[in-house]
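Inside the fold
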2 protein chains.
Amino acid sequence: MSATEPLIRTRQTETKVNGISTQVVCTEFSNYIFIVLTQYGKIGTLISVTPDSRSNDIGTPMFSTKVLLGKDEPLTHVCAKNLVTFVSQEAGNRPILLGLALKDSSLEAIKHMKEIIKSCQVW
Amino acid sequence: MSATEPLIRTRQTETKVNGISTQVVCTEFSNYIFIVLTQYGKIGTLISVTPDSRSNDIGTPMFSTKVLLGKDEPLTHVCAKNLVTFVSQEAGNRPILLGLALKDSSLEAIKHMKEIIKSCQVW
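The name an unreviewed UniProt entry gives chain A is Proteasome (prosome, macropain) assembly chaperone 3, with Myripristis murdjan as the organism.

Structure follows, in structure tokens:
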């Protein structure tokens, strides 16, 4: 690590997803990856996505989601898992703290958003 | 706002407080100011600090604190209010989402940390 690189790494980008302006901020902490995905400029619903100590049949960890702030809706949990499970796996099973404020949570949009999160890799 | 300025503003710094390496990250969202103050590299205890709609006798708003993630200790609420009430007031009474991982939460350290938060003003 160079002397000028800050210890807490953060990257962000803005792009259109199905014509909607979408912003992503990713910040790495030692015990969490913090990701905000917003189409409103808001931090939105705050969800923790945590790998369970138990694994499923094929040995990959399962994930628990918990809404810490904002509206607790079933779709939020599904979107959260779908969006950031791969980040947790790539980051040595670190839990994710996710802020989610989406206008469009179609499967196609979610797929595109995963690519955007990948482009802001800090883990 | 220039074309190159990202819509989500974030600033961070690292400095010593009583000899302990201390990192601050401040990020502005439209509905929250997100601040992490860490001496462990961790996001630490996550606290929401929200101005109440009620005011006290002299018309200044009171603040509610809630631990969203991590250990819920009385000192955490006191430190959180002490550290970021001024930010909420300066940011048009926006609530604060605060990550706190302190080795030293003496009054002297807290006072210094407020100055560091000020130096990372994004609101």
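**Section: the pairing of strand β6 (residues 96–101) of chain A**
Residue and element names in this part refer to chain A. Counting buried residues in β6 gives 6 out of 6 residues, a clear majority hidden from the surface. Side chains Ile 96, Leu 98 and Leu 100 of β6 all project onto a buried face; the interleaved residues Leu 97, Gly 99 and Ala 101 project onto the opposite face, where all are buried too. Where strand β3 (residues 33–38) and β6 come together, 6 bridges link them in parallel fashion. What sits directly across from Ile 33, in β6, is Ile 96.

**Looking at the packing of helix α1 (residues 74–90) of chain B against helix α2 (residues 107–119) of chain B**
All names here are of chain B. Axis separation between α1 and α2 bottoms out at 10 Å; the angle between their running directions is 30°. As the angle between them shows, α1 and α2 are arranged roughly parallel. As for the relative orientation of α1 and α2, their crossing is right-handed in sense. In this structure, α1 contributes Cys 79, Asn 82, Leu 83, Val 84, Phe 86 and Val 87 to the contact, and α2 contributes Leu 107, Ile 110, Met 113, Lys 114, Ile 117 and Lys 118. A class-by-class count of the residues in the contact of α1 with α2 yields 9 nonpolar, 1 polar and 2 charged.

**Some details on the relation of the copies chain A and chain B**
For the pair chain A and chain B, the superposition axis carries a translation of 0.0 Å, the fit reaches an RMSD of 0.0 Å, and the rotation angle comes to 180°. Read as a symmetry element, the transformation amounts to a two-fold axis. Considering only C-alpha atoms, the residue of chain A closest to the rotation axis is Leu 68 of chain A, which sits at 2.9 Å. Counting the interface residues of chain A, we find that 100% of their copies in chain B are interface residues as well, pointing to one common contact surface.

**Observations concerning the environment of Gly 19 of chain A**
Residue and element names in this part refer to chain A. Topologically, Gly 19 is positioned in the loop between β1 (10–17) and β2 (20–28). Assessed through its relative accessible area of 57%, Gly 19 is described here as exposed. Measuring from C-alpha to C-alpha, the distance between Gly 19 and Ser 53 comes to 39 Å, with 34 residues separating the pair along the chain.

Reading the values: the criteria
- Residues numbered from 1 in each chain as written.
- Chains lettered and ligands numbered in written order.
- Predicted model: local features only at pLDDT ≥ 70, side-chain atom pairs only at ≥ 80, totals over all residues.
- Heavy atoms only, no water.
- Buried < 20%, exposed > 50% of the residue type's maximum accessible area, 1.4 Å probe, protein only.
- Helix = DSSP H or I, 4+ residues; strand = E, 2+ residues; numbered from the N terminus.
- Pairing = 2+ DSSP bridges.
- Axes fitted to C-alpha atoms, helices over the stretch in contact; angles between N-to-C directions.
- Parallel < 35°, antiparallel > 145°, perpendicular 65-115°, else oblique.
- Left-handed = near helix turned anticlockwise from the far one by under 90°.
- Contact = heavy atoms within 4.5 Å.
- Nonpolar A, V, L, I, M, F, W, Y, C, P; charged D, E, K, R; others polar.
- Least-squares fit on C-alpha atoms with pLDDT ≥ 70 in both.

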